[in-house]
Amino acid sequence: MLTTDEPDANVFTQAVAAEAAAIDAGFALLFFSQSLVDAAALSDALKINAPALAYAGCSTAGEITPRGLEEGQILALLLPSASFSVASTMVDSLSSSGMDRITSEVGALRRSLQGRVGYERSNTTFALCFIDGLSYAEEAVTSAIHWGLDDIPLIGGSAGDDLKFETTRLISNGKVTSDSAIIVLITTEIPFHVFKTDNFVPTDEKLVVTASDPDHRTVREFNATNAAEEYAASVGVIPQMLTPLSFASHPVVVKVGGEFYCRSIQKMHADGSLSFFCAIDDGVVLSIAQPKNMVESTRAALRDVEERLGGIDMILGFDCVLRRLDARNRQVFREISELYKVNNVIGFGTYGEQYRSMHLNQTFTGIAFGERQAAE
């Protein structure tokens, strides 16, 4: 695990190459702030300094390093070949891509890994995905990947761009793209557990989408009233005061199959319409959610994981940027950061999270790895 806040991609990738050689790592996961380093510069430096190292990664909206929650970092997680067999693929042009193509890519990836490992068992294999968080395609892509995986668990995060909402970048083995997704399939004998946690409960306050632009995830009206005005009235603020912090503090949720999932608002437009981080359509019924104690709910989730695995070696985590904003707003940022630090969480702040077949918001999704000796 390597991390830096220095903008020199050359120096960092030299360190990555040295560490990869020392532990015989065949694959690296890379998460980076575009405010610190350009994706193409990072990709070029990897080509020069670590030409044999396969990798996948994306730009972020904040990072989770061994020191806790941080911003303006590059981090690299190296997977030793002795413990992890990895196959990855990049699916580009998501906006014009048929979902059948993604499912068949997953099938090819499974065959490739199976050919290398000689077997496939869902209890030793998991899938990661990183998706352009501004692609408007995460639901369809997550569903298509999950369809091709059968019962292999899927976990992932949508790439961010430090809350600029302009361009996110994905990098994979020399390619640098937007409007794309990376699927990584990993087999390991180390015990692992996939989980998610959030901190809200639905209230009886309902918002029905009565006018929307589903292609751009924009809602113009709730309950036949201007979206920003109706939302603001529901949460008790005036529309002019709505900010990303308001949306993080007062999420809306939708009921799917008996469970509630967050549908977070990204921003307000001048006309009072609201852009969402995930799919939205006319007729969708949203409930205003009441936040629970984020520190307690996160601690309980991590304790449950530790009990299941008999100890945590590390957690690869995908944490919604809105949780980070909400933690700051409620002045529990330091406590959440410390929780991640003591539980060895590594990962990044996302524009959305993937969990099995679902694309989520305002959630922490993670894969925890048990103690190595437990695997032996």
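Residues numbered from 1 in each chain as written. Predicted model: local features only at pLDDT ≥ 70, side-chain atom pairs only at ≥ 80, totals over all residues. Heavy atoms only, no water.

### Concerning the overall build of the protein chain
The condition that has to hold: Under the DSSP-based scheme used, a helix requires at least four consecutive residues in state H or I and a strand at least two consecutive residues in state E, with every element numbered from the N terminus. The globule rule used here is 2.2 Å times the number of residues to the 0.38 power, and the radius of gyration it is set against is calculated over C-alpha atoms. Here the term buried applies to any residue with accessible area under 20% of the maximum for its type, exposed to any over 50%, and partly exposed to those in between, with areas from a 1.4 Å probe on protein chains only. Whether two residues are in contact is decided by their heavy atoms, any of which lying within 4.5 Å being enough. Note on areas: Shrake-Rupley with a 1.4 Å probe; residue coverage comes only from the protein chains shown. His is not counted here, nor are the chain ends, while Lys and Arg score as positive and Asp and Glu score as negative. Charge placement uses NZ in Lys and CZ in Arg. For Asp and Glu, CG and CD serve respectively.
Each helix and strand counted, the protein chain has 10 helices and 26 strands in total. Relative to the compact-globule value of 21 Å for 376 residues, the protein chain shows a C-alpha radius of gyration of 20 Å, a close match. A principal-axis box enclosing the C-alpha atoms of the protein chain has dimensions of 60 × 40 × 40 Å. Taken across its 376 residues, the protein chain has 57% of its residues classed as buried. For the protein chain, the share of sequence-separated contacts (at least 6 apart) that also reach a separation of at least 24 residues comes to 81%. Approximately 14700 Å² of the protein chain is accessible, and the part contributed by carbon and sulfur atoms is 48%. Across the protein chain, the 29 positively charged side chains and the 48 negatively charged ones have centroids separated by 3 Å.

### A look at the pattern of salt bridges
What counts is decided by this rule: Basic side-chain nitrogens of Lys or Arg form a salt bridge, by our definition, when they fall within 4 Å of a carboxyl oxygen of Asp or Glu.
Applying the stated rule across the entire model yields 12 salt bridges. Here Glu259 and Lys196 are joined by a salt bridge, their closest N and O atoms 3.7 Å apart. In this pair, Glu259 is assigned in strand β18 (residues 259-262) and Lys196 in strand β13 (residues 192-197), connecting sequence segments 63 residues apart. Residue Lys196 is classed as partly exposed on the basis of its relative accessible area of 24%.

### Concerning the sheet that holds strand β12 (residues 181-188)
Picture the strands of a sheet paired through backbone hydrogen bonds; they go either parallel or antiparallel. Counted only if it meets this: Only strands joined by at least two bridges in the DSSP assignment are considered to pair. Axis definition: a line fit to C-alpha positions, over the contact stretch in the case of helices; interaxial angles, taken between N-to-C directions, run 0 to 180 degrees.
An order of β7-β12-β8-β9-β24-β25 is seen for the 6 strands of this open sheet, with the pairing classed as mixed. A single partner strand is all that each edge strand has here, and the edge strands are β7 (84-91) and β25 (358-360). Sheet twist, expressed as the average angle between the axes of neighbouring strands with direction ignored, equals 20°. Running over the sheet, helix α3 (residues 99-117) touches β7, β8 (125-132) and β12 and is turned about 155° from β7. Most of the contacts of helix α4 (residues 138-149) go to β8, to which it runs at about 160°, and overall it touches β8, β9 (154-159), β12, β24 (353-355) and β25.

### As for the pairing of strand β15 (residues 218-222)
Relative to β15, strand β14 (residues 200-213) runs antiparallel, the two sharing 4 bridges. In the strand pairing of β15, Ala211 is matched with Glu221. Here β14 folds back onto β15, and the loop between the two strands holds 4 residues, one of which, Arg217, carries a positive phi near 55°. Bridge count between β15 and strand β20 (residues 274-276): 2 bridges; the pairing is antiparallel. Of the residues in β20, the one forming a bridge with Val219 is Leu274. Sheet topology note: the β15/strand β16 (residues 225-226) ladder contains 2 bridges and is antiparallel. Each bridged residue has a counterpart across the sheet, and for Glu221 the counterpart in β16 is Asn226. Linking β15 back to β16 in an antiparallel pair, the connection comprises 2 residues, with Asn223 at a positive phi of about 50°.

### Points about the pairing of strand β23 (residues 345-350)
Within β23, 6 of the 6 residues are buried, which leaves it mostly tucked inside the rest of the structure. Pairing of strand β4 (residues 63-65) with β23 involves 2 bridges; the strand directions are antiparallel. Note that in β23 the partner of Ile64 across the bridge is Gly347. By the bridge criterion, 6 bridges tie strand β22 (residues 312-320) to β23 in an arrangement that is parallel.

### Structural notes on the packing of aromatic side chains
As a reminder of what qualifies: Any pair of Phe, Tyr and Trp rings, taking the six-membered ring for Trp, is counted once the centres come within 6.5 Å. Such a pair is stacked with planes under 30 degrees apart, edge-to-face with planes over 60 apart, and tilted for the rest.
If you walk through the whole model with that rule in mind, you get 15 aromatic pairs. Ring geometry for Phe195 against Phe364: centres 5.8 Å apart, planes inclined by 35°, an arrangement best described as tilted. One end of the pair, Phe195, is in strand β13; the other, Phe364, is in strand β26 (residues 364-370), with 169 residues separating them in the sequence. Here the two residues Phe195 and Phe364 agree in accessibility, since each one is buried.

### Observations regarding unusual backbone geometry
Positioned with a positive phi, Gln331 is a non-glycine residue whose angle comes to about 60°. Following the sequence through the fold, Gln331 ends up in the loop between α8 (321-329) and α9 (333-342). On the accessibility criterion, Gln331 (70% relative accessible area) is exposed. Non-glycine residue Asn344 carries a positive phi angle of around 55°. Turning to its location among the elements, Asn344 is positioned in the loop between α9 and β23.

In short, the description is geometric, and any link to function would need to be established separately.
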